[in-house]
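Structure at a glance
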Amino acid sequence: MNIYYAPMEGITTYLYRQLHNEYFGGVDKYFTPFISVFPDHYIKKRDEREIDPANNLGMKTVPQVLANSSKELIWIFKKLTAMGYDEVNLNLGCPSGTVTAKGRGSGFLKDPAELDRFFEEVFDSLGDDAKMLSVKTRIGYLDASEMEHLSEIYAKYPIKELTIHPRIRKQFYKGVPDMAVFEKALVASSCPVCYNGNVFTLEDYKDICRRYGDHIDINTNDNHFDVNLLNSNNKKDNLNDLKSNDIDGIYHINKSGCVDNKISSVMLGRGIVADPSLGRQIKGGAKMDKAEFREFRRALENMYKEHLKDSHNVHNKMKEMWFYMSQSFEGTDKYIKNILKSKSFSEYQAAVNTLEGNCEIKSGPNATPVSF
Ligand SMILES: Cc1cc2nc3c(=O)[nH]c(=O)nc-3n(C[C@H](O)[C@H](O)[C@H](O)COP(=O)(O)O)c2cc1C
């Protein structure tokens, strides 16, 4: 199973990604926060830094882009692949009003006919290279029933991987993911599917794997089976038989060689911001302890101090991080308030020391973080 660190605007900047990779790892791909592409083929300087290969050494980074014209997308796609990226992710999920008002992000889902035309132009123009395009989508703009038609559109194109966050636009990040709609979309997909939403703990991850993770990847070039997780009915010994005889009878194998009702990847968002060791735990490594957390938290502060000009920005950035990270500690209620309402960096530091001194890292499931 591939483990991805979700794109998170304002959080998963290249500086954060570098630090997370250095301290915890456990992540197969890091997605950049969305990069807006402007009509005159321009992206912000800030975003140029996000994609600069020198800022992404030693980790696998996937640039995510926000575009709703094929010209914009084709331009940025070519720029990124020429820089060496082998995947570009299209954002069809952003719920922010300023984005959706321009028909971008989840706002693009409002007009499926236009989305279909857009994909047709993009895939026609990019030819074989288009197989490097992946998509991250919500299940609808106004209503989850929209996903049925959206799935038909996605299934027409050889998308590298489809990440499904099973919420509609107006939910933002609240409420529970709609698993029934996710399941239908998973079955309808013609490409590998990544699940995203509310995976906050190792248990949440295992639950998703139990339901959707039993999968077999087939490398069609050398007919080699790479077994990731096999359930008790499909013992390893039976694989050669499966390969030669029964595989189509048991599973429907899609174009990319994945079993179409099983997921290929899980994308972690707020859960891994809260507990940066979540990916490592999923890969069989240790949960962080307080000393390790503290070291990472100090490294974050130092990194922001070094790179953000204004000390207010450092303070605000750390408050945002603590909104999520406090979810990894027991009984933080009265302490986290002091961090979030601190007026100066020294007040903030005192409140952080109090929280870290009085609260232990949770051993059980984390609470559900909403958003800052
Ligand atoms: C603060 C914040 C910023 C986000 N920025 C992006 C973004 O730039 N691109 C994107 O596709 N999704 C973005 N998301 C959505 C996440 O990638 C993810 O889909 C969402 O948080 C659900 O996953 P989770 O329940 O694991 O957090 C953002 C979410 C939050 C809370």
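Below: a short report on this structure. Since this is a predicted model, take the numbers as computed values, not measurements. (Residues numbered from 1 in each chain as written. Predicted model: local features only at pLDDT ≥ 70, side-chain atom pairs only at ≥ 80, totals over all residues. Heavy atoms only, no water.)

1. What about helix H15 (residues 345–358)?
The α-helix winds at 3.6 residues per turn, so residues separated by three or four positions along the chain end up facing the same way. When the terminal C-alpha atoms of H15 are compared, their 20 Å separation across 14 residues agrees well with the 20 Å that a helix rising 1.5 Å per residue should span. Buried within H15 we find Phe345, Tyr348, Ala351, Val352, Leu355 and Glu356. Take H15 and look down its axis: the buried residues cluster within an arc of 130 degrees, on one side only. Structural note: H15 exposes Ser346 and Gly357 on the side pointing more than 90 degrees away from its buried face. Buried positions along H15 lie against helix H12 (290–307), helix H13 (311–325) and helix H14 (333–340). (Helix = DSSP H or I, 4+ residues; strand = E, 2+ residues; numbered from the N terminus. Expected span 1.5 Å × (residues − 1). Buried < 20%, exposed > 50% of the residue type's maximum accessible area, 1.4 Å probe, protein only. Arc of directions from axis to C-beta. Contact = heavy atoms within 4.5 Å.)

2. A look at the pairing of strand S6 (residues 88–92)
Burial runs high along S6: five of the five residues are buried. Burial of S6 is two-sided: the residues Val88, Leu90 and Leu92 facing one way and the residues Asn89 and Asn91 facing the other way are all buried. With two bridges connecting them, strand S5 (residues 64–66) and S6 associate as parallel partners. Residue Gln64 lies in a different strand from S6, and its bridge partner there is Asn89. For the segment spanning S5, helix H3 (residues 70–82) and S6, crossover handedness is right-handed. (Pairing = 2+ DSSP bridges. Right-handed = clockwise from strand over helix to strand, strands pointing away.)

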